[in-house]
Amino acid sequence: MTPYRYILDTSSKKYRCPNCHKKTFVRFIDTETGEVMPDEFGRCDRESKCKYFNAPKSETKTDFNYEYIPPVKSSYHDYNLVIESGRGFKSNNFIKFLKTVFGADEVKEVIMRYLIGSTKYFEGGTVFWQIDDQQKVRHGKVMAYNASTGKRSKDANGKAHINSVRSLMKLQDFNLKQCLFGLHLVNETDCKKIALVEGEKTAIMMSIFKPEYLWMATGSKHGFKYEYLKPLKGFEIVAFPDKSEYSHWLAKAKEIKCYGLDVSVSEWMETTTYPDGTDLADVYLMERKKSSPETPQQFPKSEQDELIKKSDNRIYSTSEKILKKLTGINPNVLELVKQFELTDINGIALKL
Ligand SMILES: [Zn+2]
């Protein structure tokens, strides 16, 4: 009988290494249940090149020639910060911009769905909260936009305005472990189709243009990775990279698929002549400008077919439905919703 509860699998079975992605990974077995431990626990056999080793928590008395490195635990923000930021939308430039494109009800719906916040740190600033599938607040990204163009606003040196709640609040020991923007919605929907884009703004706008998908954002082009997508196991994921990022995302998708995720990458944007960096929401806006408001939106045919083929149900039909679902998941949200109902009466924004 081994003195250890968790032991490395002694059979010759090898898995994909979470670090180097080679099939050289020996996983831990729980001797109490006989089950293989989650896929982040194990040892990569590429000892000189990779050295990945991650033992389950109680395996402290390790007899392997590796130092035990406990997995870094994520820090979380207080949910009240999200609630407090749910005000001051009259001076929030991103919301002002959304209102030039969508109806007031649609804008209100996305504010509640994505829990968009306001901040006075930047003039007319916005907070995009990263809330995970356990409703824990992992990150608050602070950005600013031009209210009429919807483009990111920049400082005198031409650098785009960006900051984080973590650094604005000077949280020294905050352990940042980011997640997908919009991840909190996975528990609140029957929709099994996730559309993944890079930008938060794109995800928010596309959720109105194409509500048959559940839209999430990676936050950066490097955010398209297994660590972020892991909670989406069992969902059908379609990634829509910005123009020029297709080959990078396609290569990443191949790695991610090794872990059993159903992910595909749309090539459509890459086949267009739009400038590099163009995203789906840009395309929708351009196409919308071309057509009069009365005519239905023209979306490039091939993509439209793909989207229609994949669509069958709306995620949310009414804002009541959202409220019901959100408040069922987290009582804090009820408070938030009340605040949103009172939007801009006080006009107070989160003072960061
Ligand atoms: Zn490895």
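Provided above is the structure to which this section pertains.
Chemist: Got a minute to help me understand the nonpolar core in this structure?
Modeler: Nonpolar side chains tend to gather and get buried jointly when the protein is soluble and globular. Residues Leu98, Trp215, Phe224, Leu229 and Leu232 are the most contacted members of the largest nonpolar core, which totals 63 residues. Of all the elements, helix H5 (residues 200-209) adds the most residues to this core, at 6 residues. Two domains each provide a minimum of three residues to this core, namely domain 2 (74-181 + 318-352) and domain 3 (190-315). Residues Ile83, Phe122, Val127 and Ala144 belong to the second largest nonpolar core, which totals 14 residues.

Chemist: Honestly, unusual backbone geometry in this entry has me stumped. Any pointers?
Modeler: For residues that are not glycine, phi is negative in most cases, and the peptide bond is trans in most cases. The residue His21 is not glycine, and still its phi comes out positive at about 70 degrees. Within the secondary structure layout, His21 lies in the loop between strand S1 (6-8) and strand S2 (25-30). Of note, Ser244 is a non-glycine position whose phi angle comes to about 90 degrees, a positive value. For Ser244, the location among the structural elements is in the loop between strand S11 (236-239) and helix H7 (246-257). Overall, the relative accessible area of 33% leaves Ser244 in the partly exposed class.

Chemist: Can you walk me through the environment of Thr100 in this structure?
Modeler: Turning to its location among the elements, Thr100 is positioned in helix H2 (residues 93-101). Sequence separation between Thr100 and Ala147 is 47 residues; the distance between their C-alpha atoms is 8.7 Å. Only 2.5 Å separates the side chain of Thr100 from the backbone oxygen of Phe97, close enough to count as a polar contact.

Chemist: What's the story with H2 in this structure? I'm lost.
Modeler: Residue pairs three or four apart in sequence face the same way in an α-helix, which turns once every 3.6 residues. Considered for burial, the residues of H2 that qualify are Asn93, Phe94, Ile95, Phe97, Leu98 and Val101. If you follow the buried residues of H2, they end up packed against helix H3 (104-114), strand S6 (125-131), H5 and helix H8 (280-290). Sitting at the head of H2, Asn92 places a side-chain oxygen 3.0 Å from the backbone nitrogen of Phe94.

Chemist: Help me out: how do you make sense of the coordination of the zinc ion in this one?
Modeler: A metal bound by six donors in octahedral fashion has ideal angles of 90 or 180 degrees, whereas one bound by four tetrahedral donors has an ideal angle of 109.5 degrees. Those protein atoms acting as donors to the zinc ion are Cys17 (SG), Cys20 (SG), Cys44 (SG) and Cys50 (SG), and they sit at 2.3 to 2.4 Å. The coordination sphere of the zinc ion comprises 4 donor atoms, whose angles at the metal cover 106 to 113 degrees; the geometry is tetrahedral. All donors of the zinc ion come from a single chain, and their spacing in sequence reads C-x2-C-x23-C-x5-C. Owing to a relative accessible area of 0%, Cys17 belongs among the buried residues under this scheme. Residue class for Cys20 comes out buried when judged on its relative accessible area of 17%.

Chemist: Teacher, can you tell me more about the sheet that holds strand S3 (residues 42-44) here?
Modeler: Remark on secondary structure: sheet strands pair via backbone hydrogen bonds, oriented parallel or antiparallel. With antiparallel pairing, 4 strands are arranged side by side in an open sheet as S1-S2-S3-S4. Of all strands in the sheet, those with a lone pairing partner are S1 and strand S4 (53-54), marking the two edges. Here S1 runs beside S2; their pairing, made up of 3 bridges, is antiparallel. Paired with Leu8 across the bridge in S2 is Phe28.

Chemist: Before we go on, may I ask you to explain the sheet that holds strand S8 (residues 162-164) in this structure?
Modeler: One open sheet holds the 4 strands; their spatial order is S5-S6-S7-S8, and the pairing between them is antiparallel. At either end of the open sheet lies a strand with only one pairing partner, and these are strand S5 (117-119) and S8. If you compare each strand with its neighbour and ignore which way they point, the axes differ by 30 degrees on average. Relative to S8, strand S7 (residues 137-143) runs antiparallel, the two being bridged by 3 bridges. Its bridge partner lying in S8, Val142 is registered against Asn163.

Chemist: How do you make sense of the packing of aromatic side chains when you look at a structure like this?
Modeler: Both the distance between ring centres and the angle between the ring planes are used here to describe each pair of aromatic rings. Following the criterion strictly, the structure yields 16 aromatic pairs and no others. Measuring from centroid to centroid gives 5.6 Å for Phe25 and Tyr52, while their planes differ by 65 degrees, and the two rings are edge-to-face. Here Tyr52 lies in the loop between S3 and S4 and Phe25 lies in strand S2, a separation of 27 residues in the sequence. With respect to burial, Phe25 and Tyr52 carry one shared label: buried. Their ring planes at 70 degrees and their centres at 5.4 Å tell us that Phe128 and Phe181 sit as a pair that is edge-to-face. Pair noted here: Phe128 is in strand S6 and Phe181 is in the loop between helix H4 (165-168) and strand S9 (193-197), with a separation of 53 residues, a long-range link. There is no split in this pair, since Phe128 and Phe181 are both buried. An aromatic cluster of three or more residues is present, and its members are Phe94, Tyr114, Phe128, Tyr145 and Phe181. Sitting over the ring of Tyr15, Arg27 keeps its end group 4.4 Å from the ring centre. A cation sits over an aromatic face here: Lys225 above Tyr228, 4.9 Å from the ring centre.

Basis of the calculations
Residues numbered from 1 in each chain as written. Predicted model: local features only at pLDDT ≥ 70, side-chain atom pairs only at ≥ 80, totals over all residues. Heavy atoms only, no water. Core = buried A, V, L, I, M, F, W, Y, C linked by side-chain atoms within 4.5 Å. Buried < 20%, exposed > 50% of the residue type's maximum accessible area, 1.4 Å probe, protein only. Helix = DSSP H or I, 4+ residues; strand = E, 2+ residues; numbered from the N terminus. Domains from an automatic or database assignment. Polar contact = N/O pair within 3.5 Å; in protein donor to acceptor, adjacent residues only side chain to side chain. Contact = heavy atoms within 4.5 Å. Donors = N, O, S within 2.8 Å, 3.2 Å for Na, K, Ca; no water. Tetrahedral: all angles 85-135°; square planar, octahedral: opposite > 155°, others 65-115°. Pairing = 2+ DSSP bridges. Axes fitted to C-alpha atoms, helices over the stretch in contact; angles between N-to-C directions. Phe/Tyr/Trp six-rings, centres within 6.5 Å; stacked < 30°, edge-to-face > 60°. Lys NZ or Arg CZ within 6 Å of the ring centre and 35° of its normal.

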